[in-house]
Amino acid sequence: MYDIVIIGGGAAGLSAAIYAARGGMKTLVMEKMACGGQVLKTNEIDNYPGFAENPSGEAVAKSIEEHAKKFDVTFVSENVKSIENAEYDIKVIYTRRNKYMTKSIIFATGATPKLLGAEGEDTFTGAGVSYCATCDGAFFKDKDVCVIGGGNTAMEDALYLAGFCGRVYLLNRSQRFRASASLLDNVKRNGKIQILTDTVVQSFNGTQMLENVEINNTRTDEKNILRVSGAIVAIGITPSSALAGQCGVELCPNGFIKTDMYMATNVKGIFAAGDVRVSPLRQVITAAADGAVAATSAINYINELGIKSI
């Protein structure tokens, strides 16, 4: 029997583990792969307080993991297959090998960016190709960049980058945009942003870092080279929320977990933190803050529940 089981070992999950263990809770962290989450794929981080020397995402993740392991937290490398009795005081989690009982669950399962699928994307991810303008935009200060996508996120990213980058190219595969009219108008009015419609990326190219992007016009079949130092792929992210949905947790139309300000879901004893939940910002710092709030809320819930751990 555990007080709190945290599913996911990224920044949100590890932060929740620290707060849960410090709050005297018998805590289990379940991570099917390596702890750290999406931050492991980040080449450099320059906006997390206390890390002024631009450490790698891997270094930050390792530091948070080591901090969590200072406390009496159990870590297992297992994939959750199902959860039963989610609506009851004692919930049962099944993996392929084991069964775990817990009073509360924190979903910190994260989200993954949708990939473009162009040649060289994997090669230059973290070396010029990014999926988060807020995270990595500062690395491209005064340099030319491109943003790929036609939704609100792509528009917001283009406007954000135009504040400190050189020229910003906005690439959309058709002449129709999914973004709101007001955002699109703001982009069109910005003199630093050039919109290229009917345009798809063929390949990301360079040596050690991204140097250019080969693009193709889908109407004319004309090919061109954009010399850019950065490329932001903004075509959406997919939350890892299927398991939560199976427990009766309410999701938004895009599949993210709905929570209140205490990170509580509509199912008693189930909380969510980090990229998997509905949030206006998805960063390491917000994930860590979510984890702290979720764990504190779970502690309060358990104290009110009054069931002793075995």
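Residues numbered from 1 in each chain as written. Predicted model: local features only at pLDDT ≥ 70, side-chain atom pairs only at ≥ 80, totals over all residues. Heavy atoms only, no water.

### With respect to the overall build of the chain
Here's step 1: On a plain count of helices and strands, the chain comes out with eight helices and 17 strands.
Here's step 2: Taken against the 2.2 N^0.38 rule, which gives 19 Å for 310 residues, the C-alpha radius of gyration of the chain at 21 Å falls within 12% of a compact globule.
Here's step 3: Along the first, second and third principal axes, the C-alpha set of the chain runs to 65 × 40 × 35 Å.
Here's step 4: Every one of the 310 residues in the chain was classed for burial, and the buried ones make up 50%.
Here's step 5: Counting only contacts in the chain whose residues sit at least 6 apart along the sequence, the fraction spanning at least 24 positions is 59%.
Here's step 6: Total accessible area on the chain is roughly 14900 Å²; 48% of this is exposed by carbon and sulfur atoms.
Here's step 7: Within the chain, the 32 negative side-chain charges are centred at a point lying 4 Å from the centre of the 31 positive side-chain charges. (Helix = DSSP H or I, 4+ residues; strand = E, 2+ residues; numbered from the N terminus. Rg over C-alpha atoms; globule rule 2.2 N^0.38 Å. Buried < 20%, exposed > 50% of the residue type's maximum accessible area, 1.4 Å probe, protein only. Contact = heavy atoms within 4.5 Å. Areas by Shrake-Rupley, 256 points an atom, 1.4 Å probe, with all protein chains shown as cover. Lys, Arg positive; Asp, Glu negative; His and termini not counted. Charge placed at Lys NZ, Arg CZ, Asp CG, Glu CD.)

### With respect to helix α6 (residues 181–189)
Here's step 1: Among the residues of α6, Leu183, Leu184 and Val187 are the ones counted as buried. Projection of α6 onto a plane perpendicular to its axis shows the buried side chains occupying an angular sector of 100°, all on one side. Projecting away from the buried face of α6 at angles above 90 degrees are the exposed residues Ala181, Lys188 and Arg189.
Here's step 2: Tucked inside the fold, the buried residues of α6 contact α5 (152–162), β10 (168–171) and β11 (193–196). (Arc of directions from axis to C-beta.)

### Some points on the state of the cysteines
Here's step 1: Scanning the entire structure with this criterion turns up one disulfide.
Here's step 2: Here Cys132 connects covalently by a disulfide to Cys135, the sulfurs 2.2 Å from one another. Its S-S torsion of approximately 75° makes the covalent link between Cys132 and Cys135 right-handed.
Here's step 3: Cysteine Cys165 is unpaired, with the sulfur of Cys146 as its nearest cysteine sulfur at 11 Å.
Here's step 4: Looking at the unpaired Cys247, the closest cysteine sulfur is the one in Cys252, lying at 17 Å. (Disulfide = S-S within 2.5 Å.)

### Overview of the nonpolar core
Here's step 1: Among the nonpolar cores identified, the biggest contains 36 residues, and Ile4, Ile6, Ile106 and Phe271 are the most heavily contacted of them.
Here's step 2: Where this core is concerned, the elements lending two or more residues are β1 (2–7), α1 (11–22), α2 (57–69) and α8 (284–305).
Here's step 3: Broken down by element, this core gets its largest block of residues, nine residues, from α8.
Here's step 4: The residues contacting Ile6, other than those within four sequence positions of it, are Gly13, Ala16, Ala17, Thr27, Leu28, Val29, Met30, Ile106 and Ala108. (Core = buried A, V, L, I, M, F, W, Y, C linked by side-chain atoms within 4.5 Å.)

### Regarding a positive patch on the surface
Here's step 1: Judged by side-chain charge, Lys32, Lys81, Arg96 and Arg97 come together as a positively charged surface patch.
Here's step 2: Note that Arg97 resides in the loop between β5 (91–95) and β6 (99–107).
Here's step 3: By relative accessible area, Arg97 is classed as exposed at 54%. (Patch = residues over 30% accessible without salt bridge, like charges linked within 9 Å, V, L, I, M, F, W, Y side chains within 5 Å. Salt bridge = Lys/Arg side-chain N within 4 Å of Asp/Glu carboxyl O.)

### Looking at the pairing of strand β12 (residues 199–206)
Here's step 1: Pairing between β12 and strand β13 (residues 210–217): seven bridges, direction antiparallel. Bridged to Ser203 within β13 is Glu214.
Here's step 2: Once β12 ends, the chain turns through three residues before running back antiparallel as β13. (Pairing = 2+ DSSP bridges.)

### Comments concerning the sheet that holds strand β8 (residues 129–130)
The strands that make up a sheet are held in pairs by hydrogen bonds between backbone atoms, and each pair lies either parallel or antiparallel.
Here's step 1: Read from one edge to the other, the open sheet built from five strands follows the order β8-β15-β9-β10-β11, with strand pairing classed as parallel. Each end of this open sheet is capped by a strand with a single partner; those strands are β8 and β11.
Here's step 2: Bridging between β8 and strand β15 (residues 230–233) involves two bridges; their strand directions are parallel. For Ser130, the partnering residue across the bridge sits in β15 and is Ile232.
Here's step 3: Sitting on the sheet, α5 touches β9 (145–148), β10, β11 and β15, and the angle it makes with β10 is about 170°. (Axes fitted to C-alpha atoms, helices over the stretch in contact; angles between N-to-C directions.)

### Description of the environment of Ile105
Here's step 1: For Ile105, the position within the fold is in strand β6.
Here's step 2: Taking the relative accessible area as the measure of exposure, Ile105 reaches 0% and is therefore buried.
Here's step 3: Separated by 98 residues in sequence, Ile105 and Ile7 place their C-alpha atoms 7.4 Å apart.
Here's step 4: When sequence neighbours within four positions are dropped, the list of residues in contact with Ile105 reads Val5, Ile7, Ile83, Lys91, Ile93, Gly269, Ile270 and Phe271.

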